[in-house]
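# Structural features, examined
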Amino acid sequence: MRCIHRRDRLENENCSQSSPGPPLYVCNCNGIRERDVRHAIACGASRPAEVFKSQGCQAQCAKCVCEMRQMIDESREALRYAAE
Ligand code: FES
């Protein structure tokens, strides 16, 4: 079940990379895009607060925090698999 979800997500990401569609926003309050979050994670952000800090802002309504945590966890999981 989880692998299917990840594959669908990867396929969606690949589609979004190949077509110049609208940017995907993770945080509407601060205008933080998905690629901004991924960049912050790649630069070492391990908590949503660090993602906000990297963008020079802070949480407003915090509705995006769960999605940021999920992206951080997925990144960790991908690194763990890559290390095996
Ligand atoms: S959506 Fe991110 S703080 Fe509101």
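Parameters and conventions
- Residues numbered from 1 in each chain as written.
- Predicted model: local features only at pLDDT ≥ 70, side-chain atom pairs only at ≥ 80, totals over all residues.
- Heavy atoms only, no water.
- Core = buried A, V, L, I, M, F, W, Y, C linked by side-chain atoms within 4.5 Å.
- Buried < 20%, exposed > 50% of the residue type's maximum accessible area, 1.4 Å probe, protein only.
- Helix = DSSP H or I, 4+ residues; strand = E, 2+ residues; numbered from the N terminus.
- Contact = heavy atoms within 4.5 Å.
- Phe/Tyr/Trp six-rings, centres within 6.5 Å; stacked < 30°, edge-to-face > 60°.
- Lys NZ or Arg CZ within 6 Å of the ring centre and 35° of its normal.
- Axes fitted to C-alpha atoms, helices over the stretch in contact; angles between N-to-C directions.
- Parallel < 35°, antiparallel > 145°, perpendicular 65-115°, else oblique.
- Left-handed = near helix turned anticlockwise from the far one by under 90°.
- Arc of directions from axis to C-beta.

### As for the nonpolar core
In this structure, V37, V51, F52 and M68 are the most contacted members of the largest nonpolar core, which totals 14 residues. Only β1 (25-27), α2 (34-42), α3 (48-54) and α4 (65-83) provide two or more residues apiece to this core. For this core, the leading source of residues is α4, giving four residues. When neighbours within four sequence positions are excluded, V37 is seen to be in contact with V26, I32, V51, M68 and M71.

### A closer look at the packing of aromatic side chains
Within the structure shown, the criterion is met by zero aromatic pairs. In this structure, R80 packs its charged tip against the face of Y81, placed 5.2 Å from the ring centre.

### Section: the packing of α2 against α4
Two numbers describe how α2 lies on α4: the axes approach to 10 Å, and their chain directions differ by 50 degrees. One element, α2, and the other, α4, form an angle in the oblique class. For the pair α2 and α4, the sense of crossing is right-handed. Touching E34, V37, R38 and I41 of α2 are M68, M71, I72 and S75, all from α4.

### Structural notes on α2
Of the residues making up α2, those classed as buried are E34, D36, V37, A40 and I41. One side of α2 holds all its buried residues, which, seen down the axis, span an arc of 160 degrees. Exposed residues pointing more than 90 degrees away from the buried face of α2 are listed as R35, H39 and A42. One or two steps after α2, the chain reaches G44, where phi turns positive at roughly 115 degrees.

These figures capture arrangement, not role.
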